[in-house]
Amino acid sequence: MKVLLNEDIEKLGRLGDLVEVKSGYARNYLFPRKLALAPTAHNLEVMKSKKKKAQKRLELEKLSAMEQKQKIEELTLTISKKAGETDTLFGSVTPAEIEAQLQEMGVEIERKKFHLEEPIKKLGSYICKVRLMEEVEADLKIEVVKEGDDEEEPVADAQ
């Protein structure tokens, strides 16, 4: 069954695309959620104007994403964690921690946009991919350092 997409759907298509899907998927999922329309002449005309507006909005979003990319690539995030003698962390650095650190610096990014190639479980320098848009990806530098031993050792009284 051919349907006209009303929104961008990951792994299926973009707004205004005419795609072939199974009829059950269209009837039970796409149509009730208003994610797709039947490809009638009227809907095709409406979709053309919707697509033009979405294209303009997309260009503006891409410009702001490029600005945010430059801001992110200038940053170096320093995260201090407890680690053992072999520089292995107790736990790992999670996207939630990265998101919290960036929020403290005034940069708002959802944690879903962080793509770590592998979990950060050792001290050192890492690069985290931040997918801002479909075509805009930034590299965030992360330094993981050993948490300082702030505990003061008790001093014996000299008597």
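Residues numbered from 1 in each chain as written. Predicted model: local features only at pLDDT ≥ 70, side-chain atom pairs only at ≥ 80, totals over all residues. Heavy atoms only, no water.

**Student:** How should the overall build of the chain be read in this particular structure?
**Tutor:** Along its length, the chain carries three helices and nine strands. The helix and strand sequence of the chain, counted from the amino end, reads β-β-α-β-α-β-β-α-β-β-β-β. Taking 2.2 N^0.38 as the reference for a compact globule, 159 residues should give roughly 15 Å; the C-alpha atoms of the chain span a radius of gyration of 24 Å, well beyond that estimate. Structurally, the chain occupies a C-alpha span of about 95 × 35 × 25 Å along its principal axes. Counting every position in the chain, which comprises 159 residues, the buried fraction comes to 27%. Counting only contacts in the chain whose residues sit at least 6 apart along the sequence, the fraction spanning at least 24 positions is 51%. Approximately 11600 Å² of the chain is accessible, and the part contributed by carbon and sulfur atoms is 49%. Mean positive and mean negative side-chain charge positions of the chain (28 and 32 charges, respectively) differ by 15 Å. (Helix = DSSP H or I, 4+ residues; strand = E, 2+ residues; numbered from the N terminus. Rg over C-alpha atoms; globule rule 2.2 N^0.38 Å. Buried < 20%, exposed > 50% of the residue type's maximum accessible area, 1.4 Å probe, protein only. Contact = heavy atoms within 4.5 Å. Areas by Shrake-Rupley, 256 points an atom, 1.4 Å probe, with all protein chains shown as cover. Lys, Arg positive; Asp, Glu negative; His and termini not counted. Charge placed at Lys NZ, Arg CZ, Asp CG, Glu CD.)

**Student:** Help me understand the packing of aromatic side chains in this model?
**Tutor:** The description of an aromatic ring pair rests on the distance of the ring centres and on the angle between the ring planes. For the coordinates displayed, the defined rule picks out one aromatic pair. Ring plane angle 10 degrees and centroid distance 5.4 Å describe the contact between tyrosine 25 and tyrosine 29, whose orientation is recorded as stacked. Taken together, the positions of tyrosine 25 and tyrosine 29, both in helix H1 (residues 23-30) and four residues apart, correspond to about one turn of that helix. (Phe/Tyr/Trp six-rings, centres within 6.5 Å; stacked < 30°, edge-to-face > 60°.)

**Student:** I tried to follow helix H2 (residues 41-74) on my own but got confused; where do I start?
**Tutor:** Because the α-helix completes a turn every 3.6 residues, residues three or four places apart line up on one side. Between its terminal C-alpha atoms H2 stretches 49 Å, which fits the 50 Å expected from 34 residues at 1.5 Å a residue. Taken together, the buried positions of H2 are occupied by Asn43, Met47, Ala54, Ala65 and Ile72. Those residues of H2 hidden inside the fold are in contact with strand E1 (2-5), strand E3 (36-37), strand E8 (124-131) and strand E9 (137-146). (Expected span 1.5 Å × (residues − 1).)

**Student:** Even after reading the chapter, I still don't get the sheet that holds E1, so can you show me in this structure?
**Tutor:** The strands making up a sheet associate through backbone hydrogen bonding, with each pair oriented either parallel or antiparallel. One open sheet accounts for three strands, arranged E2-E1-E3; its pairing is antiparallel. Only two strands of the sheet have a single neighbouring strand rather than two, namely strand E2 (18-20) and E3. Sheet analysis places E1 next to E2, joined by three bridges and oriented antiparallel. The partner of leucine 4 across the bridge, within E2, is leucine 18. (Pairing = 2+ DSSP bridges.)

**Student:** Which parts of the structure should I look at to understand the confidence of the model for the chain?
**Tutor:** Low pLDDT means the predicted coordinates in that region are not meant to be read closely. Overall, the prediction assigns the chain a mean pLDDT of 87, with 93% of residues at 70 or greater. When pLDDT is averaged over each helix and strand of the chain, the minimum, 89, is found for strand E5 (residues 88-93) and the maximum, 95, for H1. (pLDDT = per-residue confidence, 0-100.)

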